[in-house]
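Structure at a glance
Each chain is listed here by its residues.
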Amino acid sequence: MFELYLPDPDHTDLLGAALATTRPAHALLELQGDLGAGKSTTARALLRALGVTGAIRSPTYTLVERYPLADGREAWHMDLYRIGGAGELDFLGLDDDAASLWLVEWPERGAGSLPPTDLRVELRIEGAGRHARLIPLSDSGEGWVTRLREQDQLRVLSVD
């Protein structure tokens with residue numbers, strides 16, 4: 001586990017960018033936290049760092065937004081807050097191999113219908129900033145956290 005204090009939105013963007021530059025080739029990243037905790041902000045920063053240009057829309061109503069990446073692969077940003085149960089994901093036509101990166105907000109609502117998670121990022125409001133807890137859930141996630149710990153700009157934000 002790796003814990004960080006993000007004192008302002010710029011540091012939340014910094015986390016997103018660091019997640020992008022250290023990510024494995026294929027990964028599922030869970031973004032958990034209450035409304036307003038910074039899930040979409042983190043996802044947006046990550047996608048920008050991967051070369052996504054133009055509007056990055058919140059998938060609150062569409063459930064999934066697909067983004068072509070600069071490397072020719074695709075990332076999916078999902079917000080499962082509005083689904084009634086994991087079975088509803090079957091109707092979205094998601095193929096585990098079609099995206100190299102899954103960013104999933106409210107992943108607990110899709111439990112059992114999503115691929116295995118590599119890294120969970122739990123965000124919560126703390127004072128004027130955010131507290132981020134990064135929990136690896138696979139070998140790939142362990143490597144991801146190891147690479148994140150080596151990032152100088154994140155090391156100074158560490159609360160470990």
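Coordinates for the structure precede this section.
So, here's what we can say about the structure. (Residues numbered from 1 in each chain as written. Predicted model: local features only at pLDDT ≥ 70, side-chain atom pairs only at ≥ 80, totals over all residues. Heavy atoms only, no water.)

1. Topic: the pairing of strand E2 (residues 27-32)
- With six of its six residues buried, E2 lies for the most part within the structure.
- Of the two faces of E2, the one lined by Ala27, Leu29 and Leu31 and the one lined by Leu28, Glu30 and Gln32 are each fully buried.
- The sheet contact formed by E2 and strand E5 (residues 101-105) spans five bridges and is parallel. Residue pairing in the sheet places Ala27 in a bridge with Leu101 of E5.
- Two strands pair when backbone bridges link them, and E2 and strand E6 (residues 119-126) are joined in this way by four bridges, in the parallel orientation. Within E6, the residue paired with Gln32 across the bridge is Glu122. (Buried < 20%, exposed > 50% of the residue type's maximum accessible area, 1.4 Å probe, protein only. Helix = DSSP H or I, 4+ residues; strand = E, 2+ residues; numbered from the N terminus. Pairing = 2+ DSSP bridges.)

2. Notes on the pairing of strand E3 (residues 64-68)
- Bridge count between E3 and strand E4 (residues 74-79): five bridges; the pairing is antiparallel. Within E4, the position partnered with Pro68 by the bridge is Glu74.
- Joining the antiparallel neighbours E3 and E4 is a turn of five residues, in which Gly72 adopts a positive phi near 90°.

3. Some remarks on the nonpolar core
- Grouped together as the largest cluster of nonpolar side chains are 32 residues, with contacts concentrated most on Leu4, Leu19, Leu29, Leu119, Leu134 and Leu148.
- Of all the elements in the fold, those that place two or more residues in this core are strand E1 (2-6), helix H1 (9-22), E2, helix H2 (39-49), E5, E6, strand E7 (129-136) and helix H3 (139-149).
- At four residues, the largest contribution of residues to this core is made by H1.
- Excluding residues within four positions of it along the chain, Leu29 makes contact with Leu19, Leu46, Trp102, Leu103, Val104, Leu119, Val121 and Trp144.
- Judged by nonpolar contacts, the second largest core, of 12 residues, contains Leu63, Leu80, Ala99 and Trp102. (Core = buried A, V, L, I, M, F, W, Y, C linked by side-chain atoms within 4.5 Å. Contact = heavy atoms within 4.5 Å.)

4. Remarks on the sheet that holds E3
- Spatially, seven strands are ordered E1-E7-E6-E2-E5-E4-E3 in an open sheet, and the strand pairing comes out mixed. Each edge of the sheet is formed by a strand with only one pairing partner; in this case those strands are E1 and E3. Sheet twist, expressed as the mean angle between neighbouring strand axes with direction ignored, is 15°.
- Bridge count for E4 against E5 is five bridges, and the pairing is parallel. By the bridge assignment for E5, Ala75 is matched with Leu101.
- H2 contacts E2, E3, E4, E5 and E6 of the sheet and is inclined by roughly 165° relative to E5.
- Sheet contacts for H3: E1, E2, E5, E6 and E7; angle to E7, the most-contacted strand, approximately 135°. (Axes fitted to C-alpha atoms, helices over the stretch in contact; angles between N-to-C directions.)

5. As for the environment of Met78
- The residue Met78 is located in strand E4 in this model.
- In this structure Met78 comes out as buried when scored by relative accessible area, which is 0%.
- The sequence separation of Met78 and Pro59 amounts to 19 residues, and the corresponding C-alpha distance is 5.9 Å.

6. Some points on unusual backbone geometry
- The backbone of Trp106 sits at a positive phi, close to 55°, despite the residue not being glycine.
- If you trace the backbone, Trp106 turns up in the loop between E5 and E6.

7. What about the pattern of salt bridges?
- Evaluated as defined, the whole model comprises eight salt bridges.
- With its nearest N and O atoms 3.3 Å apart, the salt bridge here joins Asp71 to Arg23. Here the residue Asp71 occupies a position in the loop between E3 and E4, and Arg23 occupies one in the loop between H1 and E2, the gap between them amounting to 48 residues.
- With a shortest N-O distance of 3.1 Å, Glu65 and Arg57 are connected by a salt bridge.
- Glu65 gets classed as buried once you look at its relative accessible area, which sits at 9%.
- Judged by relative accessible area, which is 43%, Arg57 ranks as partly exposed.
- In the salt-bridge network here, residues are joined through shared partners; they are Glu3, Glu122 and Arg133. (Salt bridge = Lys/Arg side-chain N within 4 Å of Asp/Glu carboxyl O.)

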